[in-house]
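Here is what each chain is made of, one letter per residue.
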Amino acid sequence: ASAMAALLLALPAGAAELTIGFSQIGSESGWRAAETSVSKQEAAKRKVNLKIADAQQKQENQIKAIRSFIAQNVDAIFLAPVVSTGWDSVLKEAKEAKIPVVLLDRDIDPSGKDLYLTAVTSDSVHEGEVAGDWLAKTVGEKACNIVELQGTVGASVAANRKKGFDTAVAKHPNLKVVRSQTGDFTRAKGKEVMESFIKAEGGGKSICAVYAHNDDMMVGAIQAMKEAGLKPGKDILTVSIDAVPDIFKAMAAGEANATVELTPNMAGPALDAIAAFKDKGAVPPKWIQTDSKLYTAADDPQKIYDSKKGLGY
Ligand code: AHR
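In this text, all values refer to a predicted model and were calculated from it rather than measured experimentally. Every chain is numbered on its own, with residues counted from 1 as its sequence reads. Given that this is a predicted model, residues contribute local features only at a pLDDT of at least 70 and side-chain atom pairs are listed and counted only at 80 or more, while totals for whole chains, interfaces and linings are drawn from all residues. By convention in this description, side-chain values take in all heavy atoms of the structure and omit both hydrogens and water.

## Focus: the packing of helix α9 (residues 245–252) against helix α11 (residues 301–308)
Each axis is a line fitted through C-alpha atoms, taken for helices only over the stretch in contact, and angles between the N-to-C directions span 0 to 180 degrees. Strands are runs of DSSP state E lasting at least 2 residues, helices are runs of H or I lasting at least 4, and numbering of each runs from the N terminus. At a minimum axis separation of 8 Å, α9 and α11 run at an interaxial angle of 155°. By the angle between their directions, the pair α9 and α11 is classed as roughly antiparallel. With respect to the hand of their crossing, α9 and α11 are arranged in left-handed fashion. Here Pro245, Asp246, Phe248, Lys249, Met251 and Ala252 of α9 come into contact with α11, specifically with Pro301, Gln302, Ile304, Tyr305 and Lys308. When describing relative orientation, an angle under 35 degrees is termed roughly parallel and one over 145 degrees roughly antiparallel, while 65 to 115 degrees is termed roughly perpendicular and anything else oblique. By definition, any crossing whose near helix is turned counterclockwise from its far helix by less than a right angle is left-handed, and any crossing with a clockwise turn is right-handed. Contacts are residue-level and defined by heavy atoms, with any inter-residue pair within 4.5 Å sufficient.

## Some words on the state of the cysteines
Should the sulfur atoms of two cysteines be covalently bonded, the bond is a disulfide. A pair of cysteine sulfur atoms is labelled a disulfide when the two atoms are within 2.5 Å. Under the criterion given, the structure shown has one disulfide. Covalent S-S linkage joins Cys144 and Cys208, the inter-sulfur distance amounting to 1.9 Å. Across the disulfide from Cys144 to Cys208, rotation about the S-S bond amounts to roughly -90°, and the bridge is consequently left-handed. Within this pair, whereas Cys144 is found in strand β6 (residues 144–150), its partner Cys208 is found in the loop between α7 (187–200) and β8 (209–212), the two being separated by 64 residues in sequence. A 1.4 Å probe rolled over the protein chains alone gives each residue an accessible area, and that area as a share of the maximum for its type sets the label: buried under 20%, exposed over 50%, partly exposed in between. A relative accessible area of 0% means that Cys144 is categorised as buried. The exposure class of Cys208 is buried, given its relative accessible area of 11%.

## Considering the site of the ligand
We call a residue near a molecule or strand whenever a single non-hydrogen atom of that residue lies within 4 Å of it. Close contacts around the ligand come from Glu28, Ser29, Trp31, Arg32, Asp105, Arg106, Val157, Arg161, Phe185, Asn214, Asp242 and Leu262, and that covers them all. Polar contacts, as counted here, are pairs of nitrogen or oxygen atoms within 3.5 Å of one another; within protein the pair requires one atom able to donate a hydrogen and one able to accept it, and residues that are adjacent in sequence qualify only if both atoms are side-chain atoms. Arg106 places a side-chain nitrogen or oxygen 2.9 Å from an oxygen atom of the ligand. The method behind every accessible area is Shrake-Rupley, applied with a 1.4 Å probe, and residues are considered shielded solely by the protein chains displayed. Protein chains bury 100% of the 280 Å² of accessible surface belonging to the ligand in isolation. Secondary-structure elements contributing two or more residues to the shell around the ligand are α2 (30–45) and α6 (156–170).

## What to know about the side chain of Glu201
Checked against the element boundaries, Glu201 lands in the loop between α7 and β8. A relative accessible area of 11% places Glu201 in the buried class. For Glu201, the residues in contact, after removing those within four places along its chain, are Val178, Arg179, Ser206 and Ile207.

In structure tokens form, the structure reads like this:
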């Protein structure tokens, strides 16, 4: 006991009480970069020592990072899973080591349900539905050919955002998804895939709307449309997900129409859940759901753009 007291006295005032390892996907989008910086801010507020490992989009790097966090005997592990499958073995290792795992912003397959403590995510099926409902309402009765830019293949949010959108659109026979391909959640790929859609669709003349699973791909698609002499936001409607500042900039310029917000602050609720679990044994709900709010060009995009600056973006 006296050795422990000596050790505690040796700790500087305000030293971190918890050490948490965060296996982050990478920096594929503006939203992801914001999530990383907000996580650092939220950890600093709570004096948590957050160790972030950037997996550069590779699941194998995430698995290595988790194993290294287990070896370091961290107090908890946060995981933003790049894809939804292939986690069972490494999460079993974390469970055996009695290290609680919290999923951030993406889900894993239901087979892994017992292997994590809680998941802080939005309802990504609902996000797709919100996007589809907005489009159906905006288009009205006219026939509308939609092209879709999907997120990373195998990511829960890509599958769910597709599913929700398809469900909403299926209620309206005048709406049809004519092309759908992955743009891997990046601007560069979003642009490249949109260029190929435009080519395949008579220079873009037969495209009525673009649905992108994130704003970054939409920003790339907007660039492709402009370079092809099309008017995004006017000739071609746009709806995407995240609500990053750049999409509000595009909206303010009349080049984008709608986005569904995804908060980059997944770490705040996760840190609170871990603190309560560690301090009082409070078991959090299995799902801590974040909000999904629709924004359109009618919501004063310039003001929103200005207000988002400094929030980690
Ligand atoms: O998992 C959340 C998604 O991942 C964001 O919508 C996207 O921008 C990011 O890459």
